[in-house]
Protein chains: 2
Amino acid sequence: MPAPQKDRRGALRTISPERPEKAARPEHETRTRIIEAAEALFMLHGFEGTSLRMLTARAGVNLAAVNYHFGSKDALIEALFRRRLDPMNAERAAGLARLETEAGGRPLAPAAIIRAFIAPSLRMFEDARGGGRNFIRLLGRAYTDPSRGLRALMGQLYADAMTRYRDAFRRALPGLPHEELSWRLYFMFGTLSYTLTATDTMQLIAGSKQADRYDARLIEQRLLAFLTAGLLAAEPRENKVRQAA
Amino acid sequence: MPAPQKDRRGALRTISPERPEKAARPEHETRTRIIEAAEALFMLHGFEGTSLRMLTARAGVNLAAVNYHFGSKDALIEALFRRRLDPMNAERAAGLARLETEAGGRPLAPAAIIRAFIAPSLRMFEDARGGGRNFIRLLGRAYTDPSRGLRALMGQLYADAMTRYRDAFRRALPGLPHEELSWRLYFMFGTLSYTLTATDTMQLIAGSKQADRYDARLIEQRLLAFLTAGLLAAEPRENKVRQAA
DNA sequence: GTCTATAAGTGGATAGAC
DNA sequence: GTCTATCCACTTATAGAC
């Protein structure tokens, strides 16, 4: 994604305030149709594996429409991630701010901070029909995508939320060295991402299908228990761990 | 990867037992050169993003050599993963068997089982120069790759180790419901995979470079503390967790 | 804003000489 | 076992009609 052309239409079109009732139309707009087709196909075939021809065919628009509306395939990818990620991370920031207001200066419970972070992901994961679940998985893949541009975009889109939450955890756990905390947040982020992204691993482990594999509320409880315990684990001491044989 | 042609040379060539000293030559064999170039390029540009032309140019072999030695690009990918994964999972199985022998019928400590599972990954991660670290990252990407064939291959290559370890954990934690255990193993596998695969996230979280980012021994201790705590966390109760605002 | 037609290039794979 | 030359399907992107 080396600095592609800019979208010729500028930012996402805002809904005209005069006719709030009729605003449902954007679902059928070319731009939205393209993004939604792309979300589905990128998940099925990857970014490189999805051609503009497959994409425009599925969206029911002309082949040239992608370049007209977004400027390039890379710019479409960026628009696709921004469309859902910006609101999601804004929600994260708002959730944390709300917790802090409620606490009124008292330190936050680590579990509450974790929940505020993972909740927006799980809410989106819950939305299977609207494409949210699919998007969450696409997101998990984007973190480890080979494209430098895509990983840089992810870093950019997450930077604000990451900083806010890291600082909140530092305040909540003043005794934990920053370095140790960074590792644990890294582990936690990885667990969340992998859990919602990988599809086949679970079946492999369980040996059978788990009925509750898609129950966002149960996943949230289980993740919360696991992550909170991990975050609050006793610090490893250099020589406490005996060498493996 | 829809059932590609079979390798025309059959399985990996075994080293002639008559001349064990001279056996170092395979490093320069065409087949090995191709696989090693592929490991590096697949990490840099992805599977789809790496063309046979880039690959053979880097390996210093003829364009037609890939199809001659492996049959197809997909078959090369399969050979590449088998080459390192089969020994790694055999090592996992051996490590578990050793623990069980040492214990002589007594239940194993959960932390010891975790260590036996993650140790082979970390040992490979440690081998930056020989390409092991690169391979571990490639592996992490393969779990979430869009290609059905690749994910199926992963499942196949991991099936045995997964079953053995799952059963070991069940014996070590007889009180934990199987379903709950499956989720926790899933979380653990995700944490391990993501931790060793993702490169940019850590810097994003820490806000600066962590000096010990590549120290396999420290990573092992930190992972072990985190994962053990998560595995042994108190079971979440339906109503114990209050609803988020 | 949408369309067709096409440019200009890349992809994996292979035939057949050596 | 290695090479060259090539096939042809398929790619992104664009020019220009409507």
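All values derive from a computational prediction rather than experimental measurement. (Residues numbered from 1 in each chain as written. Chains lettered and ligands numbered in written order. Predicted model: local features only at pLDDT ≥ 70, side-chain atom pairs only at ≥ 80, totals over all residues. Heavy atoms only, no water.)

> Lay out the overall build of chain A in plain terms, naming residues and giving numbers.
Broken down by element type, chain A carries ten helices and zero strands. Helices (α) and strands (β) of chain A occur, in sequence order from the N terminus, as α-α-α-α-α-α-α-α-α-α. Burial status across chain A gives 54% buried among its 245 residues. The long-range fraction of contacts in chain A, counting pairs at least 24 apart against all pairs at least 6 apart in sequence, stands at 71%. (Helix = DSSP H or I, 4+ residues; strand = E, 2+ residues; numbered from the N terminus. Buried < 20%, exposed > 50% of the residue type's maximum accessible area, 1.4 Å probe, protein only. Contact = heavy atoms within 4.5 Å.)

> Outline the environment of A:Ala112, supporting the account with residue identities and numerical values.
Residue and element names in this part refer to chain A. Assignment of secondary structure puts Ala 112 in helix H5 (residues 110-126). Of the residues examined, Ala 112 reaches a relative accessible area of 13% and is grouped as buried. Ala 112 sits 112 residues away from Leu 224 along the chain, and the two C-alpha atoms are 9.2 Å apart.

> Lay out the interface of chain B and chain A with the relevant residues and their values.
Contacts between chain B and chain A engage 73 residues on the former and 73 residues on the latter. In total, chain B and chain A occlude about 6400 Å² of area from one another, counting both sides; carbon and sulfur atoms represent 62% of this. Linking chain B with chain A are six salt bridges. Of the charged contacts, one joins A:Glu179 and B:Arg222 as a salt bridge, the two residues approaching to 3.1 Å between their closest N and O atoms. Counting across the interface, chain B meets chain A through 17 residue pairs in polar contact (both at pLDDT 80 or more). Of all the secondary-structure elements, those providing two or more residues to the side of chain B that touches chain A are helix H1 (30-45), helix H4 (73-103), helix H5 (110-126), helix H6 (132-143), helix H7 (148-172), helix H8 (178-197), helix H9 (201-206) and helix H10 (216-231) of chain B. Top contributing element to the side of chain B that touches chain A by residue count: H8(B), with 16 residues. Broken down by class, the residue content of the side of chain B that touches chain A amounts to 35 nonpolar, 18 polar and 20 charged. (Buried area = accessible area lost by both parts, 1.4 Å probe. Salt bridge = Lys/Arg side-chain N within 4 Å of Asp/Glu carboxyl O. Polar contact = N/O pair within 3.5 Å; in protein donor to acceptor, adjacent residues only side chain to side chain. Nonpolar A, V, L, I, M, F, W, Y, C, P; charged D, E, K, R; others polar.)

> Which residues make up helix H1 (residues 30-45) of chain A, and what values go with them?
All names here are of chain A. Here H1 is 16 residues long and its end C-alpha atoms lie 22 Å apart, about the 22 Å a rise of 1.5 Å per residue gives. Inspection of H1 places Arg 31, Thr 32, Ile 34, Ile 35, Ala 37, Ala 38, Glu 39, Ala 40, Leu 41, Phe 42 and Met 43 among the buried residues, and these make up the whole buried set. Those residues of H1 that are buried are in contact with helix H2 (52-59), helix H3 (65-69), helix H4 (73-103) and helix H6 (132-143). (Expected span 1.5 Å × (residues − 1).)

> With reference to specific residues and values, describe the protein's contact with DNA strand C.
Around DNA strand C, the structure places 17 residues, and the nearest of them are A:Asn62, A:His69, B:Leu52, B:Arg53 and B:Lys73. A:His69 is positioned such that a nitrogen or oxygen atom in its side chain is 2.9 Å from a phosphate oxygen of DNA strand C. The contact in question runs from a phosphate oxygen of DNA strand C to an N or O atom on the backbone of B:Leu52, over 2.7 Å. Elements supplying a minimum of two residues to the surface near DNA strand C: H3 of chain A together with helix H2 (52-59) of chain B. Of the residues that constitute the surface near DNA strand C, the class distribution is five nonpolar, eight polar and four charged. (Near = heavy atom within 4 Å.)

> Residues and numbers for the packing of aromatic side chains, please.
Residue and element names in this part refer to chain A. Summed over all chains, the structure comprises 33 aromatic pairs over all chains. For the pair Phe 117 and Tyr 165, a centre-to-centre distance of 5.0 Å together with 80° between the ring planes defines the contact as edge-to-face. With a gap of 48 residues between them, Phe 117 in helix H5 and Tyr 165 in helix H7 (residues 148-172) connect regions that are remote in the sequence. Looking at Phe 117, the relative accessible area reads 10%, which means it is buried. (Phe/Tyr/Trp six-rings, centres within 6.5 Å; stacked < 30°, edge-to-face > 60°.)

> How would you explain the protein's contact with DNA strand D if you had to name every residue and give the values?
Taken together, the neighbourhood of DNA strand D is formed by 17 residues, with A:Leu52, A:Arg53, B:Thr30, B:Asn62 and B:His69 sitting nearest. A breakdown of the atoms of DNA strand D within 4 Å of the protein gives sugar and phosphate a share of 57%. In the model, a phosphate oxygen of DNA strand D is placed 3.3 Å from a nitrogen or oxygen of the B:Asn62 side chain. The separation between a phosphate oxygen of DNA strand D and a polar side-chain atom of B:His69 is 2.8 Å. For the surface near DNA strand D, the secondary structure elements donating two or more residues are H2 of chain A together with helix H3 (65-69) of chain B. Of the residues assigned to the surface near DNA strand D, the class counts are five nonpolar, eight polar and four charged.

> Please set out the nonpolar core residue by residue, giving values where relevant.
Ranked by internal contacts, the top residues of the largest apolar core, which has 147 residues, are A:Phe81, A:Leu139, B:Phe81 and B:Leu139. Look past the residues within four positions of B:Phe81 in its chain and what remains in contact with it is B:Phe47, B:Asp86, B:Phe135, B:Leu138, B:Leu139, B:Ala142, B:Leu150, B:Leu153, B:Met154 and B:Leu157. (Core = buried A, V, L, I, M, F, W, Y, C linked by side-chain atoms within 4.5 Å.)

> Can you explain the side chain of A:Arg141? Please cite residues and give values.
As for its position among the elements, A:Arg141 is in helix H6. Look at A:Arg141: it is buried, it has no salt bridge, and the nearest opposite charge is B:Asp145 at 6.5 Å. When residues no more than four places from it in sequence are discounted, the contact partners of A:Arg141 are A:Phe42, A:Met43, A:Gly46, A:Thr197, B:Thr144, B:Asp145 and B:Pro146. (Lys, Arg positive; Asp, Glu negative; His and termini not counted.)

> Which residues make up the pattern of salt bridges, and what values go with them?
Under the definition given, this model contains 30 salt bridges over all chains. Among the salt bridges present, the one from A:Glu180 reaches A:Arg184, with a minimum N-O distance of 3.4 Å. With A:Glu180 and A:Arg184 both in helix H8 (residues 178-197) and four residues apart, this pair spans about one turn of that helix. Exposure remark for A:Arg184: the relative accessible area of 2% places this residue in the buried category. The partner of B:Glu180 in a salt bridge is A:Arg222, with the nearest N and O atoms 3.2 Å apart. With B:Glu180 in helix H8 and A:Arg222 in helix H10 (residues 216-231), the pair connects residues from two separate chains. Here the two residues B:Glu180 and A:Arg222 agree in accessibility, since each one is buried. A single salt-bridge network, built from bridges that share partners, covers A:Glu179, A:Glu180, A:Arg184, B:Asp212 and B:Arg222.

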